[in-house]
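# Architecture at a glance
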Amino acid sequence: HGVSRVAGSQTRSDQAREKELQHITRYNELVELIAETQYTVEVLNLTTKLLTENPEYYTIWNHRRRVLQHLFPTQAESASLSSDSHQTTLDLITADLSLTTSLLRQYPKCYWLWNHRYWALQVGEARLQVAAARKLWQGELQLVTIMLGADSRNFHAWSYRRFVVGELERIPAQPDEAIHSKQSQSMTEAEFAYTTKMIKANLSNFSAWHNRSKLIPKLLDERDSDDAERRHMLDNEFALIHEAFLDPFDQSIWYYHQFLMGTLSSRNSRESAIILDLTDNDQKRYCEQEINFIKEILEDEEECKWVYEVLLQYSTSFPSLKGNESVITSDDLREWLSKLRGLDPLRNGRWTDIERTLDLQSKGLVSQ
C-alpha cells in the first residue's frame, strides 16, 4: 500500500551470526518444552513467549487453545454463574485479546491472530453472561475501526469487521442501549455510512467498495424502500462512482461500476438487486448513460486499458446495446479491441476470444 520495502544488509558479522544461531537454539528448545509439558498456566506463558516471537506458528495457537480449554472453569462451574468462575473465564479471554492486540500492531495481516481473536470471543459468548459477551464484541468493533484507520485497505480487518457486526446484530441488546426491536438493532445504516466515509478518505479501497455492494440490498429492504427510492439509490451510486473516476487507472473503481451495471441484469435475485421492477427501458437508459460517460473518459485517458475492457464487456452483456449504432458502432468495437491488443499484448488470447464472441472476424471488421 505504497510503503516500500527496505532491503536488509547482505553481509553479517560473525558476532551477529553467532547471536542468530543462539536465538534459533533457544527457539527450538522452547518449542520442545511446550510439546512435552502438560496443560498448565506455565505452558500458557511459554506459548505466549513463543507466539510473540513467531505469531505465524499456527500449531502453537492450536496448542494454546487446548491449554485454555483446560484452564477454563468446568461446564458445571460455568452453569452456576458464580462470580469466581465468571471472572476466571473473563480474565483468560481478556488476556488473550490483549496479547493478540499487541501482536496485531506489528502483524496486522496475520491470519492466525484474527482467527484466534474470533475463537476467544466465541468462547466468551458461550461461557459468559450476555452483557459481558456483548461488551467484548463492542470492544472488537472499536479495535477494528482503529485498525482500519491505520490501514484502510486491510482486507483482514474488513472481513473481521463483518463478523463482529453480525455478532452484535445477533446478540440481544442490553436495556441501557435503548434498542427496542430486532429491526432497530441492525447496524446496516451505520455500516453503510462508514463505507461512505472510508471511500471518500481513499477512493482506492477495494474492501470498502465491496462492503458497500453487500450492504445496499439489505439497506433497501430494511428501509422498505419503494420503487422511486430504489431508483434514487442507484442514481446516487452512479453519481458517487462518477466522482471517483478522477483516476480511471484505479481498478477498484471499475469493479464497483461493474457491480452497479450488474444490478441491471434481469437474472438478479432480490438479494443482489437494487431496482426490483427493472424494465427494458430502464436498462436501456442506464446502459446508454454509462456507455456515453465512459466514452467521455476516453477523450483524456486513451492509454487506460480498463476503459476499453469494460466497454467491450458491457457491449456483450446487455441486449439493449446490441444493434444500437447511436451508442456503439462496429468501428468502436474494432478500435477498442485494437487498443487492448496494444496496451495489453500478454492477454492477446483473451482479446481474440472476445473478438469471436462479437463475431467480428466473420464480418471482416477486425484483422487477424
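Figured I'd write up the structure that's included with this text. Just so it is clear, the model here is predicted, and its values are computed rather than measured.

The rules we used
- Residues numbered from 1 in each chain as written.
- Predicted model: local features only at pLDDT ≥ 70, side-chain atom pairs only at ≥ 80, totals over all residues.
- Heavy atoms only, no water.
- Helix = DSSP H or I, 4+ residues; strand = E, 2+ residues; numbered from the N terminus.
- Axes fitted to C-alpha atoms, helices over the stretch in contact; angles between N-to-C directions.
- Parallel < 35°, antiparallel > 145°, perpendicular 65-115°, else oblique.
- Contact = heavy atoms within 4.5 Å.
- Nonpolar A, V, L, I, M, F, W, Y, C, P; charged D, E, K, R; others polar.
- Phe/Tyr/Trp six-rings, centres within 6.5 Å; stacked < 30°, edge-to-face > 60°.
- Buried < 20%, exposed > 50% of the residue type's maximum accessible area, 1.4 Å probe, protein only.
- Polar contact = N/O pair within 3.5 Å; in protein donor to acceptor, adjacent residues only side chain to side chain.
- Expected span 1.5 Å × (residues − 1).
- Arc of directions from axis to C-beta.
- Patch = residues over 30% accessible without salt bridge, like charges linked within 9 Å, V, L, I, M, F, W, Y side chains within 5 Å.
- Areas by Shrake-Rupley, 256 points an atom, 1.4 Å probe, with all protein chains shown as cover.
- Salt bridge = Lys/Arg side-chain N within 4 Å of Asp/Glu carboxyl O.
- Lys, Arg positive; Asp, Glu negative; His and termini not counted.
- Charge placed at Lys NZ, Arg CZ, Asp CG, Glu CD.

Before going further, it helps to examine unusual backbone geometry. Residues other than glycine seldom take positive phi values, yet Asp224 does so here, at roughly 55 degrees. Positionally, Asp224 belongs in the loop between helix H11 (206–223) and helix H12 (227–244).

Across the interface, helix H6 (residues 111–127) lies against helix H8 (residues 155–170) with an axial gap of 10 Å and an inter-helix angle of 10 degrees. Our classification of the angle between H6 and H8 gives roughly parallel. Contacts between H6 and H8 involve Tyr111, Trp114, Arg117, Tyr118, Leu121 and Glu125 on the former and, on the latter, Phe155, His156, Ala157, Tyr160, Phe163, Glu167 and Arg170. Residue composition of the contact of H6 with H8, grouped by class: eight nonpolar, one polar and four charged.

With that settled, consider the packing of aromatic side chains. Taken as a whole and assessed by the stated rule, the structure comprises 12 aromatic pairs. Relative to Tyr194, the ring of Trp158 has its centre 5.7 Å away and its plane inclined at 50 degrees; by these criteria the two rings are tilted. Here the residue Trp158 occupies a position in helix H8, and Tyr194 occupies one in helix H10 (residues 188–201), the gap between them amounting to 36 residues. Comparing Trp158 with Tyr194, the two get one shared label, buried. Where Phe206 meets Tyr255, the ring centres are 5.8 Å apart and the plane angle is 65 degrees; that geometry is what we call edge-to-face.

On to the side chain of Thr47, then. Looking at the element boundaries, Thr47 is found in helix H2 (residues 41–53). Given a relative accessible area of 0%, Thr47 falls into the buried group. Among the polar contacts listed, one links the side chain of Thr47 to the backbone oxygen of Leu44, at a separation of 2.6 Å.

So, on to the environment of Gln283. Structurally, Gln283 is set in helix H14 (residues 280–298). Taking the C-alpha atoms as reference points, Gln283 and Leu264, 19 residues apart in sequence, are found 6.0 Å from one another. When sequence neighbours within four positions are dropped, the list of residues in contact with Gln283 reads Leu264, Leu278, Phe318, Pro319 and Ser320.

Turning our eyes to something else, we now look at H2. Taking 1.5 Å of rise per residue, 13 residues should cover 18 Å, and H2 covers 19 Å from first to last C-alpha, within 8% of that figure. Three or more residues of H2 are buried, namely Val43, Leu44, Leu46, Thr47, Leu50 and Leu51. In a view along the axis of H2, the buried residues occupy a sector of 160 degrees, so they form one face of it. Residues of H2 that are exposed and point more than 90 degrees away from the buried face comprise Glu42 and Lys49.

Along the chain, Phe249 falls in the loop between H12 and helix H13 (251–262). On the accessibility criterion, Phe249 (42% relative accessible area) is partly exposed. For the pair Phe249 and Glu303, spaced 54 residues apart in sequence, the C-alpha to C-alpha distance is 9.2 Å. In this structure, Phe249 is in contact with Glu301, Glu303, Cys304 and Trp306, ignoring residues within four places of it in sequence.

What follows is about a negative patch on the surface. Residues Glu296, Glu299, Asp300, Glu302 and Glu335 make up a contiguous surface patch of negative charge. Mapped onto the secondary structure, Glu335 falls in helix H16 (residues 330–343). The class for Glu335 is partly exposed, based on a relative accessible area of 46%.

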